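# Examining the three-dimensional arrangement
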Amino acid sequence: MKQKILLLFTVIALISCKREPKISSNEWTSISNHLQYKEADKVLDLKSGNFTYNFKKNQVPFKKIILLNASMAGYISELGAENMIIGVSSPEYIYSEKIQNLLKEGKIQNVGSEQKYDVEKIISLKPDAIFTNHIASFDNAYQLLKNNGIQVIFLDEYMEQKPLEKTAYINLFGKLLGKDKEAVAKYSEVEKNYNELKALALKAKSKPVVLANEMYGDVWYLPGGKTSVANFISDANAEYILKNNTDEKAVTMSFEEVFSKSKGVQFWVNAGNHVSKKELLSVNPFYSKLDVFNKGKIYGIMGREKQKANDFFESGIVRSDLILKDYIKIFHPELLPDYQLTYMKELQ
């Protein structure tokens, strides 16, 4: 149940976003509307959402960091910087085998959960920086950490709707962790792969109609037409049922509303982490009324899952090329005959 709640939170978080104007100065490197940085006069300036930071050259690169969000582990792992992590929260949601081994060896400490952080333990570890999404209910804890001289950096990678912009956060981590070269190389690799895959998808002779996500209670949380899920589907040369919608957040609908739009749907993707159609039906028997349930193909995001940890939300936030490759394999298998799905898995 907790995993399903996490999936719901993640789906809503992934597709909830407000746009901010880009900084116009040519000195700034703009990763997205949410994140910009610049280096000048031996200072690294960072603007992340509503927060601004100024790091002097003697403060970066950081050597000891704490992650309060499992998703950020994906960036650290891609940079090969796992040994810089000294603490994580909710380690049961972290997929990385290397990080899990470091936890077992005591080189990385458990500093709490999404319900409550162990502030005293965090302070005792004396990290150079903590990376986290900003959660207003934890403001008192954040302030206490700041009062003890700990740098708390808030990032909004979960709000990014363009897949490559989410990937590009690795360039900031490269700057802050002294892994510039590795970050540039990894981003360039993913960007090249993504653009080549997008071009490959255009060679498909068909453009199937796609449904996404699932119901929670009486509500179906469909990705808006400008969300990351919708962008992936479009880049994979398929037609999302809400392609004309302009929302960058979840669109809530009843089953009846989705049913009326689902005629002709051939694929249903991101159908949670259910292991079978039978299990999916046990959650909501109304699914059996959908044509796609009976005649189409259904895919969940449980291709790389270990108990509570799901790599789709970890390495997947960096490897947007592999997520796109999964979607292309699903919609146009003839284009990638030898490829095996990474994050997705068909429900039988």
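The text that follows walks through the structure, step by step, so that each part is easy to find. (Residues numbered from 1 in each chain as written. Predicted model: local features only at pLDDT ≥ 70, side-chain atom pairs only at ≥ 80, totals over all residues. Heavy atoms only, no water.)

### Structural notes on the environment of Gln348
Quick note on the threshold: Helix numbers and strand numbers start at the N terminus; a helix is a DSSP run of H or I with at least 4 residues, a strand a run of E with at least 2. The cut-offs for exposure are 20% and 50% of the maximum accessible area for each residue type, with area from a 1.4 Å probe on protein chains only; residues under the lower value are buried, those over the upper are exposed, and the others partly exposed. When checking whether two residues touch, look at their non-hydrogen atoms; a contact exists if any pair is within 4.5 Å.
Inspection of the secondary structure puts Gln348 in the segment after strand S19 (345-346). Residue classification places Gln348 among the exposed positions, given a relative accessible area of 64%. If near-sequence neighbours (up to four positions away) are discounted, Gln348 is found in contact with Ser276 and Lys277.

### Some remarks on the sheet that holds strand S5 (residues 65-67)
Sheets are built from strands paired through backbone hydrogen bonds, the pairs being either parallel or antiparallel. Where we set the bar: Paired strands, in this sense, are two strands between which DSSP finds at least two bridges. Angular values range over 0 to 180 degrees, each being the angle between N-to-C directions of two axes fitted as lines to C-alpha atoms, with helices fitted over their stretch in contact.
Pairing in this open sheet of five strands is parallel, and the strands run S7-S6-S5-S8-S9 from one edge to the other. Here the strands that pair on one side only, and so sit at the sheet edges, are strand S7 (109-110) and strand S9 (151-154). Where strand S6 (residues 85-88) meets S7, two bridges bridge the pair, whose relative direction is parallel. The residue bridging Gly87 from the neighbouring strand is Gln109, located in S7. Where helix H5 (residues 139-147) meets the sheet, its contacts fall on strand S8 (129-132) and S9, and the angle it forms with S9 comes to roughly 140°.

### Thoughts on the pairing of strand S16 (residues 297-300)
Sheet topology places strand S15 (residues 267-269) next to S16; two bridges connect them, and they run parallel. Note on S16: the bridge partner recorded for Trp268 is Ile298. Pairing between S16 and S19: two bridges, direction antiparallel. Opposite Gly300, over in S19, you have Lys345 as the bridge partner.

### Re the nonpolar core
Spelled out, the test is: For the purposes of this section, nonpolar cores are sets of buried Ala, Val, Leu, Ile, Met, Phe, Trp, Tyr and Cys residues that join through side-chain atoms within 4.5 Å.
Counting 110 residues, the largest nonpolar core has Phe62, Phe131, Ile153, Leu211, Trp220, Trp268 and Phe331 as its most contacted members. A per-element tally of this core places helix H13 (residues 320-331) first, with seven residues. Leu211 has contacts with Trp220, Leu222, Ile241, Val258, Val265, Phe267, Trp268, Val269, Leu290 and Val292, leaving out every residue within four places of it along the chain.

### Structural notes on helix H9 (residues 228-235)
For H9, the buried fraction is high: six of the eight residues fall into the buried class. In the stretch just after H9, Asn237 is the one whose phi turns positive, near 60°.

### Comments concerning the side chain of Ser262
Let me state the cut-off plainly: N or O atoms closer than or at 3.5 Å make up a polar contact, with two conditions inside protein: a donor-capable atom paired with an acceptor-capable one, and, for residues adjacent in sequence, both atoms drawn from side chains.
For Ser262, the location among the structural elements is in the loop between helix H10 (255-261) and S15. At a separation of 2.9 Å, a polar atom in the side chain of Ser262 contacts the main-chain carbonyl oxygen of Phe259.

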